[in-house]
Amino acid sequence: MKQLVADSLVKAINQLKLEAVLAADFEPNIVVENAKDKAHGDFATNLAMMLTKLVGKPPRDVAQLIIDRLPESDVITKVAIAGPGFINFFIDEAAKYQVVHEVAKQGNQFGESTLGAGQSVLVEFVSANPTGPLHVGHGRGAAYGASLSNLLKVAGYTVSNEYYVNDAGRQMDILATSTWLRYLSESGQSFPFPSNGYKGDYIFDVAKGLIQQHGDKFVFEIAEVFANVAADEVKDDQGEVISGDKEKHIDGLIVNAKQLLGEANYRVIFDEVLNLILSDIKEDLSGFNVEFDTWFSERSLMDSGVIDAALEKLQAAGKIYEKSGALWFKSTDYGDEKDRVVVRDNGLKTYFASDIAYHLNKLERGFDTLIDVWGSDHHGYIPRVEAAMTAMGADPKALEVLLVQFAILYRSGKKLSMSTRSGQFVTLRELREEVGVDAARFFYVQRKSEQHMDFDLDLAKSRSNENPVYYIQYAHARICRVFEQAKQKGFAVDFESQKSTLKGIKPGVVPLSSLTLEQESLLATLLGKYPDVVSRAAQAHEPHQIAYYLKDLAHGLHSYYNACQFVVEDEAVRSARFALIAAVRQVLRNGLAIIGVSAPESM
RNA sequence: GCGCCCAUAGCACAACUGGAUAGUGCACCGCCCUUCUAAGGCGGGGGUUUCAGGUUCGAAUCCUGAUGGGCGCACCA
């Protein structure tokens, strides 16, 4: 419908070109927007105002020039100049209701577009270190990434979801060593646990499992375990460090762990804790309606030599140099604040080196666009990754880093503080259990991702009118109940399969001329907007737009529900209303599916 | 100190990317259940879009500066 308006504007412009009012090579940026106010009709364009200077006439005169050259249409019933020079379009009521048939015909495909046809996108998100369970901070990235991915699929992109597993590096060594130390203490040895170790309860579970499976195979004397290890940090009552160094302490323990256990046994413990946590994360995300196509292992990058290949590429580009024993990437050549180390003086490659290789690998897999969803605390990292991509000869624009702000949790009006290392945090699993998947997904995604966000646990939990997710689901359930009632009253409308929307009512067959109420017109307009909303949300990477649209649509439905009866004797009226609300139900489903929220048939 | 992000009704947030009288929910006030679920609807009050300049037909939106908040500035991940 919107396209139709735009098309006729193009024709009018072309006519003006023929008449030499406009230059022949002029390419107007035609923007047709949905009118906000009903008095302004259905669509509006600011085209006349934008051409004011080119034509050299006041905007309202330009508007008249355009209107006079619009092609005949039986859909556009009225065109008017308004305000400073807007052109308002009024759409024929009957034509507006065609969307009801359209929805019935397309079903769960209504809203899909070919916007991204032929383009493949890799969406990488969550990617939390497998050092513990996911917490609510990861939840927002998970909800956002999954919804964005759904949105892009609906917009015609070929999308792949990926989780980058940091299964290498120092944090993992700390985790493995922490596990081993818990194993030792569970085996009856007593010693102070390092202040920088992982203290979560899940570590004990792994330790106990190791004892069951391997007995005392990994037990060593405490004196050996702590041999040559720097003193741990000691704090006074005020929390000030008075002696020791927790980083050096844990590093010493890691060295001893590897040496005493040997490569193979160390790997057994390492993999045990890694796999347990990873499978927990997988289960957790799956329970949150978040699915990944690929779990990409950092270690596989090292084993396959991709990191070396990437560094060679940078070397070949002349962007690697040595300074005080380390290898540096000259990222300042591409606008980064400072050069970055890729190989440390101890020979170990940095996390950044892995990440360069990872992005190289992503590109080599043939994706047109790489989307990385990161926590906003990583924003300083963007320039160096872009620099690396540019240096390797890739277009840095192929990478889109989307930052997600942290959610601040509130319970009973009080801010909940979280500290990961100490094991004190609200897990995603607890959140799911406490507020439910639907409410949690909705809460996360109803805010623009770069907005700071307050997550009120009590509100999310409340099954009241304060909770918008139920408002939308209620609209869906209400429609289902109406059909249920109709069936019980014996009306011969076949809605046997509630999954396939309009079974029994053939698309384009039910006459809709009985739809005359204001609420009905409003709903038809809203339904007509849906494909446009989806496309726009996809382009802007903003799933929250879907959430807001659904609230609008639900409001339209509730309003309609209160304005009239659906299950009425008059067959023409009844079937027309049924067709309309069935279309609303379908669009509610389609939209909720994008943001990963269920559409219950009763509440 | 330098850099990035943010600031909209009492609260939480939108605003079609520069358009018409800045909207929605909660909270507050008044109505509507002998009607398909009142987890709903209808109506009302509430704003100098943090502040000060600038750009233009037109600014919450773009530019400059100030203020307040978040984050980042490792041979950590």
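Enquirer: I would appreciate a short explanation of the environment of S149 in the present structure.
Expert: Structurally, S149 is set in helix α6 (residues 136–154). Spatially, the C-alpha atoms of S149 and H541 are 9.1 Å apart, while their sequence positions differ by 392 residues. With near-sequence residues (within four places) excluded, S149 lies in contact with V123, V159 and N161.

Enquirer: Please explain helix α10 (residues 246–287) as it appears in this structure.
Expert: Counting along an α-helix, one turn takes 3.6 residues, and residues three or four places apart therefore face a common direction. With 42 residues, α10 extends only 37 Å from end C-alpha to end C-alpha; this falls clearly short of the ideal 62 Å at 1.5 Å per step. Residue G262 marks the point of greatest curvature in α10, where the axis turns by about 110 degrees. Two residues or fewer past α10, N289 is found with a positive phi of approximately 70 degrees.

Enquirer: When you look at the domain arrangement of chain A in this model, what are you seeing that I'm missing?
Expert: Often, the extent of an interface is quoted as the loss of accessible area upon association of its parts. Along its sequence, chain A is carved into domain 1 (2–91), domain 2 (120–165 + 291–404), domain 3 (170–285) and domain 4 (465–594). Spacing between the C-alpha centres of domain 2 and domain 3 amounts to 29 Å. Between domain 2 and domain 3, the contact holds nine residues from the first and 13 residues from the second. Classifying every residue of the side of domain 2 that touches domain 3 by side-chain character gives six nonpolar, three polar and no charged.

Enquirer: What should I look at first to understand the pairing of strand β13 (residues 369–375) in this one?
Expert: For a regular strand, the rule is simple: side chains alternate between the two faces of the sheet. Bridge analysis of strand β5 (residues 120–124) against β13 gives four bridges, and the strand direction is parallel. Bridge assignment links V123 to a residue of β13, and that residue is I371. Bridging between β13 and strand β14 (residues 399–404) involves six bridges; their strand directions are parallel. Residue pairing for β14: V373 is matched across the bridge by L402. Read as a crossover between parallel neighbours, the route from β13 over helix α14 (residues 382–391) to β14 is right-handed.

Enquirer: Quick question: what am I supposed to make of the nonpolar core here?
Expert: Buried together is how nonpolar side chains tend to be arranged in soluble globular proteins. Core analysis: the biggest nonpolar cluster contains 138 residues, and V100, L527, A579, A583, V584 and L588 have the highest contact counts within it. When residues no more than four places from it in sequence are discounted, the contact partners of V100 are L512, A524, L527, A579, L580 and A583. By size, the runner-up hydrophobic cluster in this structure holds 20 residues, among which are L47, A48, I87 and F89.

Quick notes on the rules
- Residues numbered from 1 in each chain as written.
- Chains lettered and ligands numbered in written order.
- Predicted model: local features only at pLDDT ≥ 70, side-chain atom pairs only at ≥ 80, totals over all residues.
- Helix = DSSP H or I, 4+ residues; strand = E, 2+ residues; numbered from the N terminus.
- Contact = placed C-beta atoms within 7 Å.
- Expected span 1.5 Å × (residues − 1).
- Bend = angle between axes of the 7 residues up to and from the residue.
- Domains from an automatic or database assignment.
- Nonpolar A, V, L, I, M, F, W, Y, C, P; charged D, E, K, R; others polar.
- Pairing = 2+ DSSP bridges.
- Right-handed = clockwise from strand over helix to strand, strands pointing away.
- Core = buried A, V, L, I, M, F, W, Y, C linked by C-beta atoms within 7 Å.
- Buried ≥ 20, exposed ≤ 12 C-beta atoms within 10 Å, placed from the backbone.

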